[in-house]
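Reading the structure
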Amino acid sequence: MKQTDLLNTIEAMVFISKEPLQVDEIIALVEEITEEETSITEEEALDLIKLLQNKYMDDAFAFELVQSGEGYCFMTKQKFSNVVNALLKNRSKKRLSRSALETLSIIAYRQPITKGEIEKIRGVGCDYAMKKLLGKELIKMKGKSDAIGRPMLYGTTDKFLEYFGISNLKDLPSPKEFKEEDLEDSSGTTTEEATSTL
């Protein structure tokens with residue numbers, strides 16, 4: 001196999017690998033796909049990797065080939081970190097389920113509030129939604145209630161404000177500001193009905 005073909009092969013391997021690809025894996029894969037017609041030593045594999053690293057150092061590429069632990073992977077160059085952060089933030093927003101958003105809105109408007117009070121308003125359990133919101137650091141525990149059993153109180157975080165692009169909770173729209181057509185769900189619940197408990 002020609003050097004150019006070997007370079008392209010290794011490049012493709014690293015590109016599709018979900019985890020950093022180790023040198024011994026690269027050597028084994030090269031032999032496997034060429035049915036052992038081509039074999040390379042560890043030194044040769046490292047030389048090829050170095051050639052690829054030099055290739056991606058060029059400003060024409062927004063990513064580079066880097067060593068991560070004992071393997072190699074493609075990573076976005078540091079100067080594009082703001083692009084990566086913006087993309088991850090937008091994708092994170094899309095991952096919030098309807099139940100998580102409903103739970104978050106109740107917390108935002110009624111905080112501090114207990115999990116039991118949230119479930120009473122929604123009419124269903126909210127364990128998964130609460131776990132998701134805590135994991136994303138959109139809500140946090142804010143002490144304990146004086147009620148029987150001293151249940152935990154929850155409220156929103158600074159990350160919640162950043163997430164929705166507001167400076168403080170006063171910037172949240174009042175339920176009356178919502179358009180009925182915007183909040184009407186598939187069950188026919190209107191804005192007034194959906195926000196009356198808030």
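A few points on the structure. Starting afresh in each chain, residues are numbered from 1 along the sequence in its written order. Only residues with pLDDT of at least 70 are given local features in this predicted model, and only at 80 or more are side-chain atom pairs given and counted; all residues enter the totals for whole chains, interfaces and linings. Each side-chain value is derived from all of the structure's non-hydrogen atoms; neither hydrogens nor water enter the calculation.

**Observations concerning the overall build of the protein**
Short version of the rule: Here a helix means four or more residues in a row that DSSP labels H or I, a strand means two or more in a row labelled E, and each is numbered from the N terminus. Think of it in three bands: with a 1.4 Å probe and only protein chains considered, a residue is buried below 20% of the maximum accessible area for its type, exposed above 50%, and partly exposed in between. By the convention used here, residues are in contact when the closest approach between their heavy atoms is within 4.5 Å. Surface accessibility follows the Shrake-Rupley procedure with a 1.4 Å probe radius. Residue values consider only the protein chains on display as shielding.
The helix and strand inventory of the protein stands at 10 helices and six strands. Residues counted as buried form 31% of the 198 residues belonging to the protein. A separation threshold of at least 6 residues defines the contact pool for the protein, and within that pool the share at least 24 residues apart is 42%. In the structure as shown, the protein presents an accessible area of about 13,400 Å², 50% of it carried by carbon and sulfur atoms.

**What to know about the sheet that holds strand E1 (residues 21–22)**
Selection rule: Strand pairing is assigned whenever DSSP identifies at least 2 bridges connecting the two strands. All axes are obtained by fitting lines to C-alpha atoms, using only the stretch in contact for helices, and the reported angles, taken between N-to-C directions, cover 0 to 180 degrees.
Read across the open sheet, the three strands follow the order E1-E3-E2; overall the sheet is antiparallel. At either end of the open sheet lies a strand with only one pairing partner, and these are E1 and strand E2 (63–68). Alignment of E1 against strand E3 (residues 71–76), held across two bridges, turns out to be antiparallel. The partner of Leu21 across the bridge, within E3, is Tyr72. Sheet strands touched by helix H3 (residues 42–56): E2 and E3. Its angle to E2, the strand with the most contacts, is close to 140°.

**Let's talk about helix H5 (residues 98–110)**
Here is the rule: Multiplying one less than the number of residues by 1.5 Å gives the expected span of a helix.
For H5, built from 13 residues, the straight-helix expectation of 18 Å at 1.5 Å per residue is met to within 8% by its first-to-last C-alpha distance of 18 Å. Within the span of H5, buried status applies to Ala100, Thr103, Leu104, Ile106, Ile107 and Ala108. Residues of H5 that are buried make contact with strand E4 (113–114), helix H6 (115–122), helix H7 (127–135), strand E5 (139–144), strand E6 (152–156) and helix H8 (158–163).

**Observations regarding the packing of H5 against H7**
Keep this limit in mind: Roughly parallel means an angle under 35 degrees; roughly antiparallel means over 145; roughly perpendicular covers 65 to 115; every other angle is labelled oblique. Here the term charged refers only to Asp, Glu, Lys and Arg, the term nonpolar to Ala, Val, Leu, Ile, Met, Phe, Trp, Tyr, Cys and Pro, and the term polar to all other amino acids, Gly among them.
Put simply, H5 and H7 touch, their axes get as near as 9 Å, and they point 75° apart. Classified by the angle their axes make, H5 and H7 are roughly perpendicular. In contact with Ser99, Ala100, Thr103, Leu104 and Ile107 of H5, H7 contributes Ala129, Met130 and Leu133. Tallied by class, the residues present in the contact of H5 with H7 amount to six nonpolar, two polar and no charged.

**Brief notes about the pairing of E2**
Each regular strand carries side chains that alternate between the two faces of the sheet. In terms of strand pairing, E2 meets E3 through six bridges, oriented antiparallel. By the bridge assignment for E3, Gln67 is matched with Tyr72. Hairpin geometry of E2 and E3 is characterised by an intervening segment of two residues between the two adjacent antiparallel strands and by a positive phi of about 65° at Gly69.

**Focus: the packing of helix H1 (residues 3–16) against helix H2 (residues 23–33)**
Formally: Two helices that cross are described as forming a left-handed crossing if the nearer one is turned anticlockwise from the farther one by less than a right angle, and a right-handed crossing if clockwise.
Two elements in contact, H1 and H2, have axes separated by 11 Å at closest approach and are oriented at 115°. Crossing of H1 over H2 shows right-handed handedness. For the pair H1 and H2, the contacting residues are Leu6, Thr9, Ile10 and Met13 in the first and Ile26, Leu29, Val30 and Ile33 in the second. Across the contact of H1 with H2, the residue classes tally to seven nonpolar, one polar and no charged.

**Topic: the environment of Lys18**
Relative to the elements of secondary structure, Lys18 occurs in the loop between H1 and E1. Owing to a relative accessible area of 86%, Lys18 belongs among the exposed residues under this scheme. Along the backbone, Lys18 and Cys73 are 55 residues apart, and their C-alpha atoms lie at a distance of 8.7 Å.

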